[in-house]
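Topology and contacts: notes
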Amino acid sequence: MECSEADCDRPAAVELHIPWAENRYVCAAHARVLGRQDGVVADPVPDRADDLLE
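Quick notes on the rules
The written sequence of each chain sets the order in which its residues are numbered from 1. The model is predicted, so local features are restricted to residues of pLDDT at least 70 and side-chain atom pairs to those at 80 or more, both for listing and for counting; the totals for chains, interfaces and linings are taken over all residues. Processing note: side-chain calculations cover all non-hydrogen atoms of the structure and skip hydrogens and water entirely. Runs of H or I in DSSP of at least four residues are treated as helices and runs of E of at least two as strands, each being numbered from the N terminus. Whether a residue is buried, partly exposed or exposed follows from its accessible area with a 1.4 Å probe, protein chains only, as a fraction of its type maximum: under 20%, in between, or over 50%, in that order. The contact rule is simple, with two residues in contact once any of their heavy atoms fall within 4.5 Å. Note on areas: Shrake-Rupley with a 1.4 Å probe; residue coverage comes only from the protein chains shown. Strands qualify as paired when DSSP identifies two bridges or more between them. Note on method: axes are straight lines fitted to C-alpha atoms, helices fitted across the in-contact stretch only, with angles between N-to-C directions ranging 0 to 180 degrees.

The name that an unreviewed UniProt entry assigns to the chain is DUF8014 domain-containing protein, with the source organism given as Halosolutus amylolyticus.

Have a look at this one:
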């Protein structure tokens, strides 16, 4: 599964739980940025742990 952000071809490694929108699967880089918003919870996908180090 690829990151849900536009123009990103990295593998999705984190599920973002977003209270005001649908949950999204994103790469580690986007999770670091988007996970800083108030109310967003970043939940690593267990079988994608190696992708968190990219």
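Past the structure itself, the notes keep going.
1. Quick notes on the overall build of the chain
Looking only at helices and strands, the chain features one helix and three strands. Sequence-ordered secondary structure for the chain, helices as α and strands as β, is β-β-α-β. Taking all 54 residues of the chain together, the buried fraction comes to 31%. A fraction of 35% describes how many contacts in the chain between residues 6 or more apart in sequence connect residues 24 or more apart. Element-wise, carbon and sulfur atoms account for 49% of the exposed surface of the chain, whose accessible area totals about 3800 Å².

2. Observations regarding the sheet that holds strand β1 (residues 14-17)
Strands sit in the order β2-β1-β3 across an open sheet of three strands; the sheet is antiparallel. Strand pairing shows two members of the sheet lacking a second neighbour, β2 (24-26) and β3 (41-44), which therefore form its edges. With strand direction ignored, the average angle separating the axes of adjacent strands in the sheet is 30°. With four bridges connecting them, β1 and β3 associate as antiparallel partners. By the bridge assignment, Val14 is partnered in β3 with Pro44.

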